[in-house]
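Fold and contact review
Residue strings, one per chain:
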Amino acid sequence: MAFHEIRFPANLSFGSVGGPERRTEIVTLANGFEERNTPWEHSRRRYDAGIGLRSLNDIETLIAFFEARAGQLHGFRWKDWSDYKSCAPLAEPSPDDQLIGIGDGVTKVFQLRKTYLSGLQSYSRPIRKPVVGTVTVAVASDPKIETLEFALSPETGEVSFVLAPDLGTRVTAGFEFDVPVRFDTDAIQTSVASFHAGDVPNVPVVEVRL
C-alpha cells in the first residue's frame, strides 16, 4: 500500500456528492436516557466520484485513474470543491486565516490545521495534503518567506521554521488543500447504453488516515 501524490481529475470531482461523516455510539438506558460516545477524534469524508461523469471520455479517464491506483490499494488526492480553502469559499487564502500554533521559542515544526467554529464549540482538523504554491505563513501577523524562513512538506502538511517562533507569538497560515482518499471499491461497472440513458456508475471514495 502506498499513497500516490496525484490529484483525482478536478473536473470530475467538481460534480461529486459527499462530505464528512462521524461515528457515534448510542446506548439507550432502561430509564430512557441516552449515553453517547465516539471512538473517532476526527471526521472521515466520503464521496461518490461517479456523479461528476459527463461523457464517455470522462469514463475512460476514470478507468485509467482507477487502474493506475490498483483499485483500493493506493491512495490519492481529492479536491473537495465545497471545502478546500483555509478561508470562506469565495475568498482568497491569506496568511492570517488559521491559527496553527503558539510559539514557545523552541518548537520549529507546526502542523497545518483548519478550525471549524460554531457557537462556543470548535473542531480542529489536521491538514495533511496542502496544495503546493498556495501556502502562506505568518508569525505575529508578519508574513514569512518560503524556502528562506520556512519550509513546507506537501506530503504531511508540516511547516518547519528556520528559527523557532518567539514565546507567545501566534503562528498562522492560509492555504488550499486536498483530501487524502482511496477508492472504496475494487470494481467499477459501466455500460455505454445506460450512460447515454442518464445512469452513472457508482464510484465510492473514502478518506484515509495518514
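Attention now goes to the nonpolar core. Counting 17 residues, the largest nonpolar core has Phe 8, Leu 62, Phe 76, Trp 78, Val 181, Phe 183 and Val 205 as its most contacted members. Taken together, the elements giving at least two residues each to this core come down to α2 (56-68), β6 (75-78) and β17 (177-183). Tallying contributions element by element places α2 first for this core, with 4 residues. Not counting residues up to four positions away in its chain, the partners in contact with Phe 8 are Ser 13, Ala 49, Leu 62, Phe 65, Phe 76, Arg 77, Trp 78 and Phe 183.

Attention shifts here to the packing of aromatic side chains. Taken as a whole and judged by the stated rule, the model has 15 aromatic pairs. A centroid spacing of 6.1 Å and a plane angle of 65° characterise the contact between Phe 175 and Phe 177, whose relative ring orientation is edge-to-face. Take Phe 175: its relative accessible area is 0%, and that puts it in the buried class. Taken together, the ring pairs connect Phe 8, Tyr 47, Phe 65, Phe 66, Phe 76, Trp 78 and Phe 183 into an aromatic cluster. Its guanidinium or amino end placed over the ring of Phe 65, Arg 69 lies 4.5 Å from that ring's centre, counting from NZ or CZ. The lysine or arginine in question, Lys 79, covers the ring of Tyr 84, its NZ or CZ lying 4.3 Å from the ring centre.

Cut-offs used in this document
- Residues numbered from 1 in each chain as written.
- Predicted model: local features only at pLDDT ≥ 70, side-chain atom pairs only at ≥ 80, totals over all residues.
- Heavy atoms only, no water.
- Core = buried A, V, L, I, M, F, W, Y, C linked by side-chain atoms within 4.5 Å.
- Buried < 20%, exposed > 50% of the residue type's maximum accessible area, 1.4 Å probe, protein only.
- Helix = DSSP H or I, 4+ residues; strand = E, 2+ residues; numbered from the N terminus.
- Contact = heavy atoms within 4.5 Å.
- Phe/Tyr/Trp six-rings, centres within 6.5 Å; stacked < 30°, edge-to-face > 60°.
- Lys NZ or Arg CZ within 6 Å of the ring centre and 35° of its normal.

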